Amino acid sequence: MVDTIKITDYISENLVSLDLKSKNRDEVLVELSKLLEKSENIEVKNNDVYKALIDREKLGSTGIGKGVAIPHAKTENAKKLTVAFGISRKGIDFKSLDDENVNLFFVFASPNKDSQIYLKVLARISRLIREEEFRTCLYNCSSPKEIIQCIAEKETKK
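Residues numbered from 1 in each chain as written. Predicted model: local features only at pLDDT ≥ 70, side-chain atom pairs only at ≥ 80, totals over all residues. Heavy atoms only, no water.

**Q** Report on the side chain of S88, specifying residues and quantitative values.
**A** In this structure, S88 sits in strand β5 (residues 82-92). Residue class for S88 comes out buried when judged on its relative accessible area of 1%. Excluding anything up to four places from it in sequence, S88 contacts L20, V102, N103, F105 and Y139. (Helix = DSSP H or I, 4+ residues; strand = E, 2+ residues; numbered from the N terminus. Buried < 20%, exposed > 50% of the residue type's maximum accessible area, 1.4 Å probe, protein only. Contact = heavy atoms within 4.5 Å.)

As structure tokens, this is what we get:
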């Protein structure tokens with residue numbers, strides 16, 4: 001099966017933060033939702049993206065382990081699937097599966113109708129992030145442009 005979905009099709013440099021300031025899970029979800037809201041694909045209204053992320057976390061932590069979390073939500077405030085990325089240099093207790101603090105956050109929002117793309121992007125991020133080399137590459141990037149390049153290089157190898 002050819003996997004044509006690319007994370008780089010849904011993320012841009014203005015949706016990358018190399019130094020998240022939050023100290024806990026709720027704060028980082030606010031910060032990440034604000035990052036997503038920088039996209040023209042996300043309608044800013046009543047903190048709906050943040051609320052959708054919180055509602056998803058109530059189902060179970062999106063902290064998947066190895067210092068990574070993938071908060072995601074479906075919301076009508078998303079015109080199309082949008083991905084943002086953030087790094088917490090200190091690490092955040094995100095109630096991860098392995099009880100480790102999270103440093104790397106892939107966050108995305110999708111319209112309710114785009115389930116196929118949503119699931120494919122979630123699967124793609126989950127697959128790529130398993131590799132320590134990729135996580136290290138992301139963590140060591142010094143600009144949003146480098147983050148996009150690191151993701152793009154990894155996607156061309158898969």
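**Q** Please give an account of the environment of D26 that cites residues and values.
**A** In this structure, D26 sits in helix α1 (residues 25-36). A residue is classified by how much of its surface remains accessible, and D26, at 42% relative accessible area, is partly exposed. Distance from D26 to I54, taken between C-alpha atoms, is 8.0 Å for residues 28 residues apart in sequence. Each residue touching D26, except ones within four places of it in the same chain, is listed here: Y50 and I54.

**Q** Go over the pairing of strand β6 (residues 102-110), please, and point to the residues and values.
**A** β6 sits mainly inside the fold: nine of its nine residues count as buried. Bridging between strand β3 (residues 68-69) and β6 involves two bridges; their strand directions are parallel. Opposite A69, over in β6, you have F105 as the bridge partner. The pairing of strand β4 (residues 72-74) with β6 spans three bridges and is parallel. (Pairing = 2+ DSSP bridges.)

**Q** So what about helix α4 (residues 132-140)? Which residues, and what values?
**A** For α4, every residue scored as buried is listed here: F134, R135 and L138. Here the buried residues of α4 occupy an arc of 100° about the axis, which is enough to place them on one side. Away from the buried face of α4 by more than 90 degrees, exposed residues E132, E133 and N140 are located. (Arc of directions from axis to C-beta.)

**Q** For unusual backbone geometry, give the residues involved together with the corresponding values.
**A** Phi at K66 takes a positive value of approximately 55°, unusual for a residue other than glycine. Its location among the elements puts K66 in the loop between β2 (63-65) and β3. With a relative accessible area of 55%, K66 lands in the exposed category. Despite not being glycine, D99 shows a phi value in the positive range, around 65°. Among the secondary structure elements, D99 is positioned in the loop between β5 and β6. D99 gets classed as exposed once you look at its relative accessible area, which sits at 70%.

In short, shape yes, function no, at least from these values alone.
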